[in-house]
Amino acid sequence: MATNVNDEEYDRVKEVKQFDESKIGVKGLVDSGITTIPRFFVHPPDVLSQLKPGSKTRPDLVIPTIDLSGVDSHHNRSLIVDQIRQACSSFGFFQIVNHGVPLGVLDRAIQSIKGFHEERTEIKARFYTRGIGTGVSYISNVDLYNSKAASWRDTLQLRMGPKMADHDQIPEICRNEVIEWDREIQRLGEVLSGLMCEGLGVETWRLKEMTCLEGRTMVGHYYPKCPQPDLTVGLAYHTDPGVLTVVQQDHVGGLQVRYGEDWVDVKPVPGALVINVGDLLQIISNEVYKSAEHRVLANPSDEPRVSIAVFFNPGNRDDLYGPLPELISSEKPALYRQFTLTDFMTRFFKKELDGKSLSNYYKL
C-alpha cells in the first residue's frame, strides 16, 4: 500500500474505519504479510524528523534507578525519599529495583498479556470495543479517530479499580495473572505514594486520603515488528493524565522520555519497574514534581515488545483537585485552579495523544 499522504484521492476516514471494523489490530496487519504500512499510520514530517537515529537523543543521560531495599528503616527511607524527590523534580521518571513484587508475578503477567495478543483473531475480536462499559476492551489506538496518525501497537485495557471489571469478562488467558499483578501493584502504589508525599514534605498518607490510589486502569500493550519503523511510532509522545503510573516493560526497549529538548532512553533493567509522574501529581505538587512527555519508538525487532502499565487516579471523581494547601504560600502561590476529576478526564479523552499536557489548561 502506498504511503503518499498528499494523495487527494485517499479517503483516510474510510481506511481507518475499515481497519477498526476488521478488529484484527496491528498484529493482524503484520500476520497478513504487509511490507509497507497503511498510510494512516504515517506520521507528519515534524514527528519523523525526531525519529532519525541519533536525532536529539542523549545517550549520556540515564534515568535514575532507585533501590527500595530497607525502605522501612529510618536511615534508608530518608535516602530513598531524597532520591525520589530528585527524580520526580527533574526527569519525572525513575526505575525501581528490590520493590517487593516477586519476579514470578512479573514474568507471569507479561507472558499472559503476550499470550492474549497472540491468540487467534476471532478470540480477541470478542473483546474488541471502544466502549468501556464492561471495564474490558481490546483496541488498536485509543485515539484512532482523533489523532493525526495512528501508532503501531495494540492494547488490552482493564478497569481494576475502584470497582474491578467483572471477573468473567477478563480474558481467561490472562485473568489470574493480571489480578495477581494488580494486587502487588496496589501495595506498591501505597509505598510509592507515601515516599512521594514525604518528598513533598507533607504527611505520608496525604495522597491516599485524597483517594489518589483508588482508580486504577491497566493496559497491556503489544508492539509487533513494524516493516517501516522510520515512518511511524509505537506510542506518540504524551504525558499521562493521572497521579502516577507504574510500568513493567520487557527486554526489547523503545521507551523514551523527553528531557529539555532531547530524548532519553529508558533502558530495560531486569526485574525493575518504571515509575512516572502524571499531570495530576504535577498539579497537586504545585509543580514541585514534573509530568514528563514520553513516547515509544516503533519496534524494528522481529521480537514483539510487550509492556504493562497501571494508571493511578483518584476514586472520587467529583471532589475538587488542585495544588495542596500545604504547598502554597505567598512565596509560592498556587499555579493551578481547582477542578473535578470528571472534567479533567473528559478533556483528556476528547483530545489526541499529542504531547500537550492537560495541566496547561488549568494554569492560573
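Source: prediction; values computed, not measured.

## Regarding the packing of aromatic side chains
The description of two aromatic rings rests on the distance between their centres and on the angle between their planes.
(1) Moving on: Under the definition given, this model contains 13 aromatic pairs.
(2) Moving on: Note on Y237 and W263: the rings are 6.4 Å apart at their centroids and 70° apart in plane angle, and the pair reads as edge-to-face. Within this pair, whereas Y237 is found in strand β6 (residues 233–238), its partner W263 is found in strand β9 (residues 262–265), the two being separated by 26 residues in sequence.
(3) Moving on: For Y237, a relative accessible area of 25% puts it in the partly exposed group.
(4) Moving on: Lying across the ring of Y237, R258 places its NZ or CZ 5.3 Å from the centre.
(5) Moving on: The ring of W263 carries the charged tip of R295 above its face, separated from the ring centre by 4.0 Å.

## Side note on the pattern of salt bridges
(1) Moving on: For the coordinates displayed, the defined rule picks out 18 salt bridges.
(2) Moving on: Where D302 meets K225, a salt bridge forms, and the shortest distance between an N and an O atom there is 2.7 Å. In this pair, D302 is assigned in the loop between β11 (294–297) and β12 (305–313) and K225 in the loop between β5 (215–223) and β6, connecting sequence segments 77 residues apart.
(3) Moving on: Since its relative accessible area comes to 36%, K225 is described here as partly exposed.
(4) Moving on: Across the pair D343 and R347 runs a salt bridge whose closest N-O atoms are separated by 3.3 Å. Remark: R347 and D343 occur in helix α10 (residues 341–350); sequence separation between them is four residues, near one turn of the helix.

## Brief notes about the sheet that holds strand β7 (residues 244–249)
Sheets are built from strands that pair by backbone hydrogen bonding, the pairs being arranged parallel or antiparallel.
(1) Moving on: With mixed pairing, the eight strands of this open sheet are ordered in space as β1-β2-β10-β7-β12-β5-β4-β3. With one partner strand each, in any of the chains shown, β1 (65–67) and β3 (136–139) form the two edges of the open sheet. Across the sheet, the mean angle from the axis of one strand to that of its neighbour is 25°, orientation sign disregarded.
(2) Moving on: Relative to strand β10 (residues 273–277), strand β2 (residues 93–97) runs antiparallel, the two being bridged by four bridges. Paired with F93 across the strands is N276, a residue of β10.
(3) Moving on: Set on the sheet, helix α4 (residues 74–90) makes contact with β1, β2 and β10; between it and β1 the angle comes to about 160°.
(4) Moving on: Those strands touched by helix α7 (residues 175–200) are β2, β4 (154–161), β5, β7, β10 and β12, and its axis lies near 130° from that of β7.

## Some thoughts on the sheet that holds strand β8 (residues 255–259)
(1) Moving on: Read from one edge of the open sheet, four strands run β6-β11-β8-β9, paired in antiparallel fashion. At either end of the open sheet lies a strand with only one pairing partner, and these are β6 and β9. Put simply, the sheet's adjacent strands are angled 30° from each other on average, direction ignored.
(2) Moving on: Where β8 meets β11, three bridges bridge the pair, whose relative direction is antiparallel. Paired with Q256 across the strands is R295, a residue of β11.

## Re helix α1 (residues 12–22)
(1) Moving on: Those residues of α1 lying buried are E15, V16, F19 and D20. Angular distribution of buried residues about the axis of α1 spans 135°; they occupy a single face of the element. Exposed side chains of α1 directed beyond 90 degrees from the buried face belong to V13 and E21.
(2) Moving on: Where α1 is buried, its residues contact α2 (25–31).
(3) Moving on: With a side-chain oxygen positioned 3.4 Å from the backbone nitrogen of V13, the residue opening α1 is D11.

## Notes on unusual backbone geometry
(1) Moving on: A cis amide bond, omega 5°, links G161 with the succeeding residue P162.
(2) Moving on: Topologically, P162 is positioned in the loop between β4 and α7.
(3) Moving on: Residues other than glycine seldom take positive phi values, yet N286 does so here, at roughly 55°.
(4) Moving on: Along the chain, N286 turns up in the loop between α9 (279–284) and β11.

## What about the UniProt feature "domain: Fe2OG dioxygenase" (unreviewed entry) in the chain?
(1) Moving on: This chain's UniProt record puts "domain: Fe2OG dioxygenase" (unreviewed entry) on residues 208–314.
(2) Moving on: Strand forms 45% of residues 208–314 and helix 7%; the C-alpha atoms that close the span are 9 Å apart.

## Re the side chain of H238
(1) Moving on: When you line up the elements, H238 lands in strand β6.
(2) Moving on: Reaching out from H238, the side chain makes a polar contact with the side chain of D240 at a distance of 3.3 Å.

Rules and cut-offs
- Residues numbered from 1 in each chain as written.
- Predicted model: local features only at pLDDT ≥ 70, side-chain atom pairs only at ≥ 80, totals over all residues.
- Heavy atoms only, no water.
- Phe/Tyr/Trp six-rings, centres within 6.5 Å; stacked < 30°, edge-to-face > 60°.
- Helix = DSSP H or I, 4+ residues; strand = E, 2+ residues; numbered from the N terminus.
- Buried < 20%, exposed > 50% of the residue type's maximum accessible area, 1.4 Å probe, protein only.
- Lys NZ or Arg CZ within 6 Å of the ring centre and 35° of its normal.
- Salt bridge = Lys/Arg side-chain N within 4 Å of Asp/Glu carboxyl O.
- Pairing = 2+ DSSP bridges.
- Axes fitted to C-alpha atoms, helices over the stretch in contact; angles between N-to-C directions.
- Contact = heavy atoms within 4.5 Å.
- Arc of directions from axis to C-beta.
- Polar contact = N/O pair within 3.5 Å; in protein donor to acceptor, adjacent residues only side chain to side chain.
- UniProt positions renumbered as here; feature names shortened; annotations may be inferred.

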